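# Observations on chain architecture
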Amino acid sequence: MPHQPIATGALVQQVCAACHGIGGNSTRAGVPALAGQVQAYLEGQLHAFAAQGRQRADGVMGAIAVNLNADEMKRVSTYYARQPLRPTSPDVSRKAVRTGEKLFFAGRPAEGVPSCASCHGMRGQGLPDLFPRLAGQHAVYLAEQLRDFRSGRRTSDPRAVMRELAARLSDRDIDSVATFAASLR
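A brief look at the structure comes next.

## Thoughts on the packing of aromatic side chains
- Under the definition given, this model contains four aromatic pairs.
- An angle of 80° between the planes, with centres 5.2 Å apart, marks the rings of F104 and F105 as edge-to-face.
- Ring-pair connections join several aromatic residues into one group, and the members of that group are F104, F105 and F180.

Shown next, in the form of structure tokens:
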């Protein structure tokens, strides 16, 4: 028996707000901020999490998303995409920001590492329907995602672009570029 539709506000409050915040500005470094994120990206991620179901060892999002229908996923994604981002203020070293900035804008073509800006935009704003916003995201979260791509634990990039790119990054590279991306506004 299909479940009754839940109003968007109630859905956000009951399902999402505990981790991501009512306005999508997570205060937990390991939990992504959803406010201002690309709507199609958020919706696609919810569908991907639902497809994973409860298969991942830390499948919290899979266990949540599997219980949402397509309409609820679309409404929650639209809601969060429309919320204003309140970027975090990471305590970062200038050296890490400079190192990350160089990698973000120039990459290392000789090593097969393109610039992050080529897909995520010059201000880290993301490219609608294709790539997520990185600007203002938690540096800890971004670094964790890059490490998950590198290890193959995260596979939400259908063409394996992020997995191949992350495989060429050291821990220092990851920390530096994550710190820089988090500092973008």
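## Side note on the environment of A117
- With respect to the helices and strands, the residue A117 is situated in helix 6 (residues 117–120).
- On a C-alpha basis, the gap between A117 and L103 in space is 9.3 Å, while along the polypeptide they are 14 residues apart.
- Setting aside anything within four residues of it in sequence, one finds A117 in contact with F104, F105 and M122.

## Some words on helix 4 (residues 70–81)
- Here helix 4 contains 12 residues, and its C-alpha end-to-end distance of 16 Å stays within 8% of the 16 Å for a straight helix at 1.5 Å per residue.
- Where helix 4 is concerned, the buried positions are E72, M73, R75, V76, S77 and Y80.
- Elements that come into contact with the buried residues of helix 4 comprise helix 1 (8–20), helix 2 (39–52) and helix 3 (60–65).

## Quick look at the nonpolar core
- Within the largest apolar cluster, 20 residues are counted, with the highest numbers of intra-cluster contacts made by F104, L142, L169 and V177.
- Elements that contribute at least two residues to this core include exactly helix 5 (94–106), helix 7 (139–151) and helix 9 (171–183).
- Here this core takes five residues from helix 9, the largest share from any one element.
- Contacts of F104, omitting those with residues within four sequence positions, involve S115, C116, A117, G121, M122, G124, L134, V177, F180, A181 and L184.
- Ranked by size, the runner-up nonpolar core spans 12 residues in total, among them L11, L46, L68 and Y80.

## Observations concerning a positive patch on the surface
- A surface patch of like charges, here positive, comprises R94, K95, R98 and R172.
- Counting residues per element, the positive patch draws most heavily on helix 5, which supplies three residues.
- Within the secondary structure layout, R98 lies in helix 5.

## Let's talk about the state of the cysteines
- Using the criterion set out here, one finds zero disulfides in the structure.
- Just so you know, C16 is unpaired, no disulfide at all, and the nearest cysteine sulfur is the one on C19, 9.0 Å from it.
- C16 gets classed as buried once you look at its relative accessible area, which sits at 10%.

## Regarding the environment of G107
- Looking at the element boundaries, G107 is found in the loop between helix 5 and helix 6.
- A relative accessible area of 9% places G107 in the buried class.
- When the C-alpha positions of G107 and A117 are compared, they lie 8.8 Å apart, and in sequence the two are 10 residues distant.

## So, helix 2
- With 14 residues, helix 2 should cover 20 Å at 1.5 Å per step; its first-to-last C-alpha distance of 20 Å lies within 8% of that length.
- Among the residues of helix 2, Y41, L42, E43, Q45, L46 and A50 are the ones counted as buried.

## Considerations on the pattern of salt bridges
- Applying the stated rule across the entire model yields nine salt bridges.
- Two residues, R108 and D173, come together in a salt bridge whose shortest N-O distance is 2.7 Å. With a gap of 65 residues between them, R108 in the loop between helix 5 and helix 6 and D173 in helix 9 connect regions that are remote in the sequence.
- The exposure class assigned to R108 is partly exposed, which follows from its relative accessible area of 25%.
- In this structure, D175 engages R147 in a salt bridge whose closest nitrogen and oxygen atoms are separated by 2.9 Å. Of this pair, D175 sits in helix 9 while R147 sits in helix 7, and the two are 28 residues apart along the sequence.
- Using a relative accessible area of 26% as the deciding quantity, one classes R147 as partly exposed.
- One salt-bridge network, in which partners are shared between bridges, spans R147, R150, D171 and D175.

Each value, and the rule that gives it
Residues numbered from 1 in each chain as written. Predicted model: local features only at pLDDT ≥ 70, side-chain atom pairs only at ≥ 80, totals over all residues. Heavy atoms only, no water. Phe/Tyr/Trp six-rings, centres within 6.5 Å; stacked < 30°, edge-to-face > 60°. Helix = DSSP H or I, 4+ residues; strand = E, 2+ residues; numbered from the N terminus. Contact = heavy atoms within 4.5 Å. Expected span 1.5 Å × (residues − 1). Buried < 20%, exposed > 50% of the residue type's maximum accessible area, 1.4 Å probe, protein only. Core = buried A, V, L, I, M, F, W, Y, C linked by side-chain atoms within 4.5 Å. Patch = residues over 30% accessible without salt bridge, like charges linked within 9 Å, V, L, I, M, F, W, Y side chains within 5 Å. Areas by Shrake-Rupley, 256 points an atom, 1.4 Å probe, with all protein chains shown as cover. Salt bridge = Lys/Arg side-chain N within 4 Å of Asp/Glu carboxyl O. Lys, Arg positive; Asp, Glu negative; His and termini not counted. Charge placed at Lys NZ, Arg CZ, Asp CG, Glu CD. Disulfide = S-S within 2.5 Å.

Scope: geometric values only; no functional claims are made or implied.
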